Amino acid sequence: MVKGMVHLLRWRWLLLLLALIIAGLFLIQGQKQEPPPMVAPLPVTREISVNQVGYAPDAIKMASTTLPASEFTLVDLADHRVVYRGVPKSGPQDGQTGKPVYQLDFSTFQKPGTYQIHLSNGLGSAPFQISDKVFESIYRMAMRSYELQRCGVAIDDPISHVNHEACHTRPAILSADGGGVRDVTGGWHDAGDYGKYMPNAGMTVASLLLQELTPGTLKHSSLSLHREKRDEPDVLAVIRVELDWMRKMQREDGAVYHSVKTAEFPGMIRPEEDQEIQYVEPIATPDTAIYAAAMARAARVYQAYDADYAKILLNASMQAWRFLEGNEEILVPGKDQAYRSKSDSQSRVWAAAELYVTTSLPLFRKYVEEHYSVLELRPKKMFPAYWQNTSAMTILTLALNDQSDWELPALMRQRLIQHADRVAATIEQRAYGTILNKADDFDWASAKNTLGYGVHLASAHKLEPKPAYIHAIIRQLDWVLGSNALSQSFVTGMGMFSPVEPHHRYTVASGILIPGLLVGGPNSHANDGIAPKRQGALSYVDDHRSYATNEYAIDYNAPLVIVASYLNEVYN
């Protein structure tokens with residue numbers, strides 16, 4: 001009896017305690033919740049380095065600072081509230097400045113919005129976005145810039161306000177082949193000047209057509225072109241402009257002319273004001289080989305959209321190859337010619353590889369097998385392709401196009417994966433996550449080269465989807481867009497601290513900035529005498545006189561397009 005009473009009393013106390021807890025919970029819920037205190041935006045310092053465009057919600061998100069701080073916070077600039085807190089982590093010392101660099105990792109925060117990083121010392125970063133459209137926006141602006149570089153037509157773009165009259169519409173004088181004139185109008189202005197050069201044109205077109213890696217982005221991305229629509233993606237309509245100019249540069253026997261330009265660079269004038277005589281420079285076999293490779297790749301890509309045009313491109317490529325078969329090496333005369341290759345050996349192999357993948361003809365496979373030893377196959381030494389060194393283009397072409405009855409593509413895939421593993425591992429050890437490290441690494445087009453390694457990583461990821469590859473690609477893009485020792489974005493119109501004085505004649509003459517142009521970036525040699533020399537990552541200046549660090553070129557933008565396109569495909 002007594003035990004029963006005790007047991008009953010215990011239950012009553014427990015029920016009373018439970019009732020009090022429930023009542024307390026209702027009371028707490030009934031009280032008004034105070035929101036976090038508002039936080040004012042902080043003064044921006046370049047001592048905090050971020051991707052000034054932004055990050056995808058579920059991607060890695062890294063920033064850095066050289067300032068010691070006990071905490072960093074992420075502040076939503078829409079309502080001025082702290083949404084994330086983190087602790088800076090000590091990272092590798094920057095090899096150029098000697099300063100310690102602290103890593104700010106906020107990868108777990110995924111809410112879209114516009115943000116600023118705050119340090120506990122009262123300083124803030126440049127603003128940036130978290131958005132699932134961030135890679136698409138970078139891609140669109142970078143790819144659309146080619147439309148604004150068009151030559152031979154009037155431009156009046158309501159989006160960027162870029163405008164000029166039709167330029168360089170007269171036939172050019174042949175400087176060889178007995179003289180005469182030739183219609184070589186059209187295409188894109190090559191860089192900050194108004195010349196047009198076959199080696200760079202071919203490399204750029206072939207690089208842009210690596211959008212074979214991202215068929216969804218290629219097919220569905222609108223570039224808001226203000227001209228007649230074609231039954232093909234906007235991207236291919238833009239690239240067709242350059243392909244059509246390239247075809248005008250091919251001689252009847254298949255050989256390809258080197259360039260068309262004035263005798264001297266014009267002053268900082270608008271393109272329609274450049275009325276000097278233009279000259280077509282002589283043929284060369286390196287140029288002809290690059291042309292053959294680019295046209296063969298283009299034929300593959302356009303086949304799905306315009307079979308007749310693809311056939312024209314393939315015929316042009318085959319015609320160029322026939323000239324190569326019947327002629328030894330011919331180099332452009334004159335050591336001071338821009339884009340003058342020293343050899344055609346690598347480019348011939350690349351042309352044969354592209355033609356084999358496109359046609360499956362045994363003669364091209366045989367040529368590759370007999371000559372691929374001229375390629376750089378050491379994973380440690382692989383370098384992003386450019387007009388002087390096309391080795392990596394051949395490796396990517398063969399690695400990405402599986403031929404089950406051929407051992408060579410398997411070798412290329414193996415070397416590419418080994419190379420990508422090295423690059424990804426190296427990036428993890430670098431203060432700002434870029435593959436570039438020593439002062440000598442920062443040479444001509446360092447920003448392009450950084451993204452070129454991103455293209456290698458994207459190609460390797462297509463073959464073996466390792467998360468480390470994607471993280472490494474993002475870090476290269478972050479570096480180009482402001483997460484570097486200067487907190488400088490190297491793309492016009494992208495970021496708070498982006499170039500406003502590129503070495504670009506139209507921009508200087510008109511005062512109108514073409515958005516989406518990647519400039520060269522830090523160059524230790526500072527060949528123009530304007531940027532600071534021998535300072536590695538710090539050898540850069542936003543000054544239109546600095547052609548060594550602040551000039552744009554069409555081949556610079558190509559890896560930016562491919563990296564942004566690939567990341568957009570992965571995350572969307």
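Caption draft 1: Geometry of the overall build of the protein. For the protein, the count of helices and strands is 16 helices and 16 strands. Along the first, second and third principal axes, the C-alpha atoms of the protein reach 120 × 55 × 50 Å. Relative to its 572 residues, the protein shows a buried fraction of 55%. Considering only intrachain contacts with a sequence separation of at least 6, the fraction spanning at least 24 residues in the protein is 71%. With 54 positive and 62 negative side-chain charges, the protein shows a separation of 7 Å between the mean positions of the two kinds.

Caption draft 2: Examining the packing of helix 5 (residues 234–248) against helix 6 (residues 285–302) more closely. Two elements in contact, helix 5 and helix 6, have axes separated by 12 Å at closest approach and are oriented at 145°. Taken as a pair, helix 5 and helix 6 cross one another with a handedness that is left-handed. Contacts from L236, I239, R240, L243, M246 and R247 of helix 5 reach helix 6 at Y291, A294, M295, A298, V301 and Y302.

Caption draft 3: Spotlight on the state of the cysteines. Evaluated as defined, the whole model comprises zero disulfides. The closest cysteine sulfur to the non-disulfide-bonded C151 is located on C167, 3.9 Å from its own sulfur. Look at C167 and you get buried, because its relative accessible area is 1%.

Caption draft 4: Structural detail: the sheet that holds strand 14 (residues 196–197). The sheet built from five strands is open, its strands ordered 13-12-16-15-14 with mixed pairing. Edge positions in the sheet fall to strand 13 (181–182) and strand 14, since each has one partner strand and no second. Bridge count for strand 12 (residues 172–174) against strand 13 is two bridges, and the pairing is antiparallel. Bridge pairing in strand 13 links A172 to R182.

Caption draft 5: Broad picture of the packing of aromatic side chains. Across all of its chains, the model carries 21 aromatic pairs by this definition. Arranged with centres 4.6 Å apart and planes meeting at 40°, the rings of Y146 and W188 form a pair that is tilted. Placement of the pair is Y146 in the loop between helix 2 (134–144) and strand 10 (155–156) and W188 in the loop between strand 13 and strand 14, with a sequence separation of 42 residues. For W188, a relative accessible area of 0% gives the class buried. On the numbers, 5.1 Å between centres and 80° between planes, the contact of F490 with Y540 is edge-to-face. Placement of F490 in the loop between helix 13 (467–480) and helix 14 (505–510) and of Y540 in the loop between helix 14 and helix 15 (547–550) is noted, with a sequence separation of 50 residues between them. When sorted by exposure, F490 lands in the same class as Y540, which is buried. Chaining the aromatic ring pairs together yields one cluster made of Y197, Y339, F383, Y386, W387 and Y453. Over the aromatic face of F497 sits the side chain of R46, whose NZ or CZ is 4.0 Å from the ring centroid. The aromatic ring of Y309 is capped on one face by R240, whose charged end is 3.9 Å from the ring centroid.

Caption draft 6: Geometry of unusual backbone geometry. You will see that Y339, though not glycine, has its phi angle at about 60°, which is positive. You can see Y339 is positioned in the loop between helix 7 (307–325) and helix 8 (345–359). Residue classification places Y339 among the buried residues on the basis of a relative accessible area of 16%. Even without glycine at this site, A526 takes up a positive phi of about 40°. When you line up the elements, A526 lands in the loop between helix 14 and helix 15. Under the relative-accessibility criterion, A526 is labelled buried at 0%.

Caption draft 7: Main features of the sheet that holds strand 9 (residues 128–130). On the basis of which strands lie adjacent, the open sheet formed by five strands has the order 2-9-8-4-5 and mixed pairing. Edge positions in the open sheet fall to strand 2 (54–55) and strand 5 (81–86), since each of these has one partner strand only. Bridge count between strand 8 (residues 113–119) and strand 9: three bridges; the pairing is antiparallel. What sits directly across from T114, in strand 9, is Q129.

Caption draft 8: Here's a closer look at empty space enclosed by the protein. This structure, assessed with the given rule, holds three cavities of 30 Å³ or more. By volume, the largest cavity amounts to about 220 Å³. If you trace the largest cavity, you find 19 residues lining it, with S207, P384, A385, M393 and P559 closest to the centre. Going through the elements one at a time, helix 3 (198–208), helix 10 (391–400), helix 12 (446–463) and helix 16 (554–571) are the ones with two or more residues in the lining of the largest cavity.

Caption draft 9: Here's a closer look at the confidence of the model for the protein. When pLDDT is averaged along the protein, the result is 92, and 94% of the positions lie at 70 or above. Taken as a whole, residues 1–32 scores under 50 in pLDDT and shows one contact with residues more than four places along the chain or in a different chain.

Caption draft 10: Geometry of the packing of helix 12 against helix 13. In contact at an axis separation of 9 Å, helix 12 and helix 13 are set at 160° when each is read in the N-to-C sense. Judged by the angle between their axes, helix 12 and helix 13 are roughly antiparallel. The way helix 12 lies across helix 13 gives a crossing that is left-handed. Residue-level contacts link S446, A447, T450, L451, G454, L457, A458, A460 and H461 of helix 12 to Y469, I470, A472, I473, Q476, L477, W479 and V480 of helix 13.

Caption draft 11: Geometry of the pairing of strand 7 (residues 100–105). Of the pairings in the sheet, the one linking strand 3 (residues 62–65) to strand 7 comprises four bridges and is antiparallel in character. Bridge assignment links A63 to a residue of strand 7, and that residue is L104. In the sheet, strand 6 (residues 89–93) pairs with strand 7 via three bridges, with the strands oriented antiparallel. Residue K89 lies in a different strand from strand 7, and its bridge partner there is Q103.

Cut-offs applied
- Residues numbered from 1 in each chain as written.
- Predicted model: local features only at pLDDT ≥ 70, side-chain atom pairs only at ≥ 80, totals over all residues.
- Heavy atoms only, no water.
- Helix = DSSP H or I, 4+ residues; strand = E, 2+ residues; numbered from the N terminus.
- Buried < 20%, exposed > 50% of the residue type's maximum accessible area, 1.4 Å probe, protein only.
- Contact = heavy atoms within 4.5 Å.
- Lys, Arg positive; Asp, Glu negative; His and termini not counted.
- Charge placed at Lys NZ, Arg CZ, Asp CG, Glu CD.
- Axes fitted to C-alpha atoms, helices over the stretch in contact; angles between N-to-C directions.
- Left-handed = near helix turned anticlockwise from the far one by under 90°.
- Disulfide = S-S within 2.5 Å.
- Pairing = 2+ DSSP bridges.
- Phe/Tyr/Trp six-rings, centres within 6.5 Å; stacked < 30°, edge-to-face > 60°.
- Lys NZ or Arg CZ within 6 Å of the ring centre and 35° of its normal.
- 1 Å grid on protein atoms, 1.4 Å probe; cavity = no way out; pocket = protein on both sides within 12 Å on 5 of 7 lines; lining within 4 Å.
- Points joined across faces, edges and corners; volume = space filled by probe spheres on them.
- pLDDT = per-residue confidence, 0-100.
- Parallel < 35°, antiparallel > 145°, perpendicular 65-115°, else oblique.

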